[in-house]
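Structural overview for review
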Amino acid sequence: MRRRSQDWFDRDDVSGFVHRAWTKASGYTETSYRRPIVGICQTWSELNHCNRHLREVAEAVKRGVLEAGGLPMEFPVISLSEPLVKPTTMLFRNLMAMDAEEMIRAYPLDGVVLLSGCDKTTPALLMGAASADIPAIMVTGGPMLTGHWQGQQLGACTDCRRYEQELRAGNLTREQWVEIEDSICRSAGHCMVMGTASTMASMAEALGMTLPGNAAIPAPDSRRLRLAEESGRQIVAAIDADLRPSRILTPEAFDNAIRVLMAIGGSTNAVIHLPAIAGRLGLELPLDRFDRISRETPFLANVKPSGEYHMEDFFYAGGIPAVMKELLPLLHREALTITGRSVAENVAAAQIVNRDVIRPLDDPLYPEGGIVVLRGNLCPDGAVFKQTAASPELLRHRGRAVVFRSLRDLDERIDDPNLDVRPDDVLVLQGCGPIGAPGMPEKGNLPIPQKLLQQGVRDMVRISDGRMSGTAFGAVVLHVAPEAAVGGPLALVRDGDMITLDVPARRLTLEVSDAELARRRAEWSPPPAHYERGYGWLYLNHVNQAPLGCDFDFLRRA
Ligand code: FES
């Protein structure tokens, strides 16, 4: 089979001369560049802690590529650090995906190894690789080691949020807060609970785009480097076998990923990223498919924020292969993976080592999956709710709306002692969606008002068109679509309106008559645009709503 890189190096014209001469100028001999060329798509950055060890991971990948007869060539793409990038990394996920897609396509690469870690870096590289569609394998950076403070185990950032509430309630001193800050992040790697980074690494594994076991190996564990070396060998085999993403990322693979998402209590952000990846291959992933699979899939992984343990424990308990082995009766067993083998073959030897961390199928933590999809007049195009991370007594709730018009309005008033708010109210945030915020930031888990925290309240029903960090918890309705900024019904909610949430029935209802909603709609006008030029303008004019994964309309494949 003629390889892609030969179109650059096997030419007799001046272009072939230039390609060869400039490659020789980097010190490569003809023997090297005549081999299969493997790009290593690098998201290492000094600005991105979660990915700070990926240069060492790349060295391990290179050993494997060279050993298998390929030539590794590392190249940089945008790296997005969840805590540091403002206003939100989600604003730039599509930019990063475009960077990856175009660089993979533009260079003489026969295959690519995708190195990712922090939240958006994994879906962005999968989206880009799916569109470029040359053989690709992913190696994620792995979770940080578990944090420790005063005999307690800490997970970022589930415990950042938990202790921040205690600080605001007056139950924690500033000194203790700084001690926690010093103790929580012990190593390189991404957040060590089942947040978005761990979830998306698990999704990459469940989709078949990584070697089995990749997702949970802690970042500093030498087994991650060994898996990286093995991935380097495997990409050369995948080039020979022409194992492109379009052969692996099939409807069956997405079903498997959603099944695993539900079983691990994964991040709600996967309900945005998976449709975006699928859209790059022309596949639809409607919200109802998530809900159907959720109803059929027991929740097995006892990992924060829905459970008690951390990713390190999850790794020792067997990781994603053990979960998938348990789920095999519910999975598409024959789905092809980057190993060239089926899902069932990949996990044949896996086993659960600790049944408290990973429950067997016949003794789950919860009979249904972690995430459900809500419908109703407040969210005609759907909304998302993580039932395993919510207070059980709030799964059915009726309350009075307390409305915040924007993130600024929220910041200014949430801790106002005169705010008219009661524990059984429903906090509503407008203008936090893909266009409204912009970038759909992870502000959907609105803080509990300070005066209620001081009364001992730790959870309330909260509703927004924004997202929530995968590490967060609470009775939080997210991704309300259409969003308020484009005139969705969320924009029409007023203080004092009654709202009913019924998670078992999958309903979210604004108890206001159609006539009154029509009257309010006639008075509504869209907010001013956040950007008039540049990437921000491109984003505002082309971003899709949450059910389509917030990808740009022109990047989805018809
Ligand atoms: Fe990077 Fe949490 S901050 S994964």
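In what follows, the structure referred to is the one given above.
Quick caveat: nothing in here was measured; it's all calculated off a predicted structure. Here the residue numbering is sequential within each chain, running from 1 through the sequence in written order. Given that this is a predicted model, residues contribute local features only at a pLDDT of at least 70 and side-chain atom pairs are listed and counted only at 80 or more, while totals for whole chains, interfaces and linings are drawn from all residues. Working from all heavy atoms in the structure, the side-chain values ignore hydrogens and water.

Bringing a negative patch on the surface into the picture now. Like-charged residues are merged into a patch within 9 Å and nonpolar side chains (Val, Leu, Ile, Met, Phe, Trp, Tyr) within 5 Å, provided each residue has over 30% relative accessible area and no salt bridge. Only the protein chains shown count as covering a residue, and every accessible area follows the Shrake-Rupley method with a 1.4 Å probe. Salt bridges are identified by distance alone: a Lys or Arg side-chain nitrogen within 4 Å of an Asp or Glu carboxyl oxygen. His is not counted here, nor are the chain ends, while Lys and Arg score as positive and Asp and Glu score as negative. By convention, charge coordinates are those of NZ in Lys, CZ in Arg, CG in Asp, or CD in Glu. A grouping of Glu175, Glu179, Glu181 and Asp182 is seen on the molecular surface, where their side chains present a negatively charged patch. Secondary structure elements are defined from DSSP: runs of H or I of at least 4 residues count as helices, runs of E of at least 2 residues count as strands, and each element is numbered from the N terminus. The topology assignment puts aspartate 182 in helix H8 (residues 174-183).

Right, let's talk about unusual backbone geometry for a bit. Each neighbour pair has its own omega, and for lysine 86 with proline 87 the value is 0 degrees, a cis peptide bond. As for its placement among the helices and strands, proline 87 is situated in the loop between strand E2 (71-76) and helix H5 (93-106). Cis geometry is adopted by the peptide bond preceding proline 438, which originates at alanine 437 and carries an omega value of -5 degrees. Assignment of secondary structure puts proline 438 in the loop between strand E10 (426-429) and helix H19 (450-453). The phi dihedral of glutamine 150 falls on the positive side, at around 50 degrees, and the residue is not glycine. Here arginine 506, not a glycine, exhibits a phi torsion of approximately 60 degrees, which is positive. Locating arginine 506 in the fold gives a position in the loop between strand E13 (498-502) and strand E14 (507-510).

In this description, the term disulfide denotes a pair of cysteine sulfurs within 2.5 Å. Under the criterion given, the structure shown has 1 disulfide. Paired through a disulfide, cysteine 157 and cysteine 160 show a sulfur-sulfur distance of 2.0 Å. Between cysteine 157 and cysteine 160, the S-S dihedral sits near -100 degrees, and the bridge is therefore left-handed. Looking at cysteine 157, the relative accessible area reads 25%, which means it is partly exposed. For every residue, the accessible area obtained with a 1.4 Å probe (protein chains only) is divided by the maximum for its type, and the residue is called buried under 20%, exposed over 50%, and partly exposed between those limits. For cysteine 160, a relative accessible area of 18% corresponds to the buried category.

These results come straight from atomic positions and should not be treated as a statement about function.
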